[in-house]
Amino acid sequence: MELLQIYHPQIPDFLARLADTKEMLRLKGVGMDCGCEYTNYPAYRGCPPASRYEHSLGVALIIWHFTRSMEQSIAGLFHDISTPVFSHTVDFLNRDYMQQESTEAGTEEIIRRSAQIGALLCEYGVDPEDVRDYHRYPIADNDSPRLSADRLEYTLRNFLRYERKTPEDIRRFYEDLTVCKNEDGQEELMFLHPGIGVEFTRLALNSSRLYVSDSDRYSMQYLAKLLGDALFSHVLIREDLHTTEPAVIGRLLSRPET
């Protein structure tokens, strides 16, 4: 939670209440590392855990800090609400391993189906249409190499987890950020000082190598095959992929074929 306090001193009431819905709380049981945290690869061994819940709340706080837009912040909070167990491993299962977007498909349905979320959005006067797709907000998400709240959050978190940076290092990067218009006239998160921006970029490139490594891709493909076998043999059903990782691991361990 220390990172969240760096992103913004307090969690606004509307974000705290929306984050406490059952659809969001499920993400506490979905990891950021796509199942690789269960391997014995050196990069993950002893690495502090990180959940999609913490990441989503962090993204929402970053957006709120820089925009004070309730709609944009809620869209950021919900951006991973449809993420299945083992995250992008299921994109491999769905044969979407290049774009890795298939796991985002259910976001709007989950938001509209939840009575709890619907009641809160109504209370705050927020149209579900305005929070179903965070891609429409450049501060929340845009294409690499541009910076966005989503990419910023997991990059800063990775600095703590893999690069062994301190919270003070994270704060130094974060407090150098501002919002300006980029070359296309869109608002974008930018560094005030080029030296800090270059340092951030070098660290980000170094930590991102982990996610394009052979071991990472192999693990995701292997786990996707295991999930496919479990679905074929009815150890799992598709709905199980939208529960939590401890629950699915328990199912896999309970049957000799998986």
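The rules we used
Residues numbered from 1 in each chain as written. Predicted model: local features only at pLDDT ≥ 70, side-chain atom pairs only at ≥ 80, totals over all residues. Heavy atoms only, no water. 1 Å grid on protein atoms, 1.4 Å probe; cavity = no way out; pocket = protein on both sides within 12 Å on 5 of 7 lines; lining within 4 Å. Points joined across faces, edges and corners; volume = space filled by probe spheres on them. Helix = DSSP H or I, 4+ residues; strand = E, 2+ residues; numbered from the N terminus. Nonpolar A, V, L, I, M, F, W, Y, C, P; charged D, E, K, R; others polar. Pairing = 2+ DSSP bridges. Phe/Tyr/Trp six-rings, centres within 6.5 Å; stacked < 30°, edge-to-face > 60°. Buried < 20%, exposed > 50% of the residue type's maximum accessible area, 1.4 Å probe, protein only. Lys, Arg positive; Asp, Glu negative; His and termini not counted. Salt bridge = Lys/Arg side-chain N within 4 Å of Asp/Glu carboxyl O. Polar contact = N/O pair within 3.5 Å; in protein donor to acceptor, adjacent residues only side chain to side chain. Contact = heavy atoms within 4.5 Å.

### Quick notes on the layout of surface pockets
- Computed from the structure, the largest pocket encloses a volume of approximately 1400 Å³.
- Taken together, 48 residues line the largest pocket, and the ones lying closest to its centre are Ser144, Asp150, Arg151, Tyr154 and Thr155.
- Of all the elements in the fold, those that place two or more residues in the lining of the largest pocket are helix 4 (52–67), helix 9 (149–161), strand 2 (187–191), helix 11 (194–208) and helix 12 (214–232).
- In terms of residue count, helix 11 provides more of the lining of the largest pocket than any other element does, seven residues in total.
- In terms of residue class, the lining of the largest pocket is built from 17 nonpolar, 18 polar and 13 charged.

### Thoughts on the pairing of strand 1 (residues 177–181)
- Bridge count between strand 1 and strand 2: five bridges; the pairing is antiparallel. By the bridge assignment, Thr178 is partnered in strand 2 with Met190.
- Linkage of strand 1 to strand 2, two consecutive antiparallel strands, is achieved through a turn of five residues, within which Gly185 is found at a positive phi near 80 degrees.

### Structural notes on unusual backbone geometry
- The peptide bond linking Ser144 to Pro145 adopts the cis configuration, its omega dihedral lying at 15 degrees.
- Within the secondary structure layout, Pro145 lies in the loop between helix 8 (115–123) and helix 9.
- One non-glycine residue, Ser87, lies in positive phi territory at about 50 degrees.
- The topology assignment puts Ser87 in the loop between helix 5 (70–77) and helix 6 (89–93).

### Let's talk about the packing of aromatic side chains
- Within this structure, the stated rule accounts for twelve aromatic pairs.
- Each ring, one from Phe159 and one from Phe200, has its centre 5.5 Å from the other, and the planes form 65 degrees; the classification is edge-to-face. Residue Phe159 is found in helix 9, and its partner Phe200 is found in helix 11; the two are separated by 41 residues along the sequence. No difference in accessibility class separates Phe159 from Phe200, as the two residues are buried.
- Ring-pair connections join several aromatic residues into one group, and the members of that group are Phe159, Phe173, Phe191 and Phe200.

### Some points on the side chain of Arg151
- Positionally, Arg151 belongs in helix 9.
- The side chain of Arg151 sits in the buried core without any salt bridge; Asp141 is the nearest counter-charge, 4.5 Å away.
- At a separation of 2.7 Å, a polar atom in the side chain of Arg151 contacts the main-chain carbonyl oxygen of Asn142.
- If sequence neighbours within four positions are ignored, Arg151 has contacts with Asp141, Asn142, Asp143, Ser144 and Arg146.

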